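Inside the fold
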Amino acid sequence: MTTIERMKSGKLYTDLCEGLPERRLRGKELCYDFNHTRPREEERRQIILRQLFASLGKNPWIEPPLSVAYGSNTHIGDCFYANFNLVIVDDIEVYIGNHVMFGPNVTITVTGHPVDPTLRRPGNQFSFPVHIEDDVWVGANVVILPGVRIGEGAVIGAGSVVTKDIPPRVVAVGSPCRVLREITERDREYYYRDLRVEK
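Quick caveat: nothing in here was measured; it's all calculated off a predicted structure.

How each quantity is defined
- Residues numbered from 1 in each chain as written.
- Predicted model: local features only at pLDDT ≥ 70, side-chain atom pairs only at ≥ 80, totals over all residues.
- Heavy atoms only, no water.
- Helix = DSSP H or I, 4+ residues; strand = E, 2+ residues; numbered from the N terminus.
- Contact = heavy atoms within 4.5 Å.
- UniProt positions renumbered as here; feature names shortened; annotations may be inferred.
- Salt bridge = Lys/Arg side-chain N within 4 Å of Asp/Glu carboxyl O.
- Buried < 20%, exposed > 50% of the residue type's maximum accessible area, 1.4 Å probe, protein only.
- Pairing = 2+ DSSP bridges.

We now examine the side chain of Gln125. Here Gln125 shows up in the loop between α4 (117-120) and β11 (126-127). The residues touching Gln125, leaving out its near neighbours within four places in the chain, are Lys11, Leu12, Tyr13, Asp15, Asp91, Thr111, Gly112, His113 and Pro114.

Per the UniProt record, the feature "domain: Maltose/galactoside acetyltransferase" (unreviewed entry) sits at residues 4-58. Here residues 4-58 is 58% helix and 4% strand, with 30 Å between the C-alpha atoms at its ends.

Within this structure, the stated rule accounts for eight salt bridges. Put simply, Asp15 and Arg24 hold a salt bridge, and the shortest N to O gap is 3.3 Å. For the residue pair Asp15 and Arg24, the accessibility class agrees, reading buried in each case. Arg196 is paired through a salt bridge with Glu189; the nearest N and O atoms lie 2.1 Å apart. Exposure remark for Arg196: the relative accessible area of 45% places this residue in the partly exposed category.

This part takes up the sheet that holds strand β15 (residues 149-150). Overall, parallel pairing links the five strands, which are arranged β1-β4-β7-β12-β15 in an open sheet. On the outer flanks of this sheet lie β1 (55-56) and β15, each paired with one strand and no other. Pairing between strand β12 (residues 130-132) and β15: two bridges, direction parallel. Within β15, the position partnered with His131 by the bridge is Arg149.

This part covers the sheet that holds strand β13 (residues 137-138). Strand order across the open sheet formed by seven strands is β2-β5-β8-β13-β16-β18-β19, with mixed pairing between neighbours. A strand with exactly one partner marks an edge of an open sheet, and here the two such strands are β2 (61-62) and β19 (178-182). One ladder, built from two bridges, connects β13 with strand β16 (residues 155-156); its direction is parallel. Across the sheet, the residue bridging to Trp137 is Val155, located in β16.

This is how it looks when you write it as structure tokens:
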């Protein structure tokens, strides 16, 4: 079994062969170029993002700085917005749907390491894909861990650590992240606490 096959099947692996270091270097070089654009160089940033990611939909907006492990394993849908300091550890696939919004300092990682130090010592790691469905809003300082799926329309509260799947159309918060409540019709009428949407 090749290293890439081990990565995609959830087995332990080390990532120092089969062209993986070169692919990581490519992603880091593109991130460097992206992060060192001037604020007015929007067109240049768009070109770099399309070189960096496996796929990128219409009208993306990502605020620098951005950090990735590869970039080439991340698939992003239409109208994606990410605030400052997005980190994507994409040793294998990350899927982000349409109309997804991230606050500042969001981290997505598909990769972890064994708890036992003797297994960790040779550099062993494992990876499981992350799926973020359409219309998800991820608050500031959220960490999304390997193998997680966040359902359509869900809201992840600021500072949460998402360790397991979150169902669609709920507000989920905490560390570990848990469902707080469903999203209801009241949320269409009140946009923040008791502040009503103007009609």
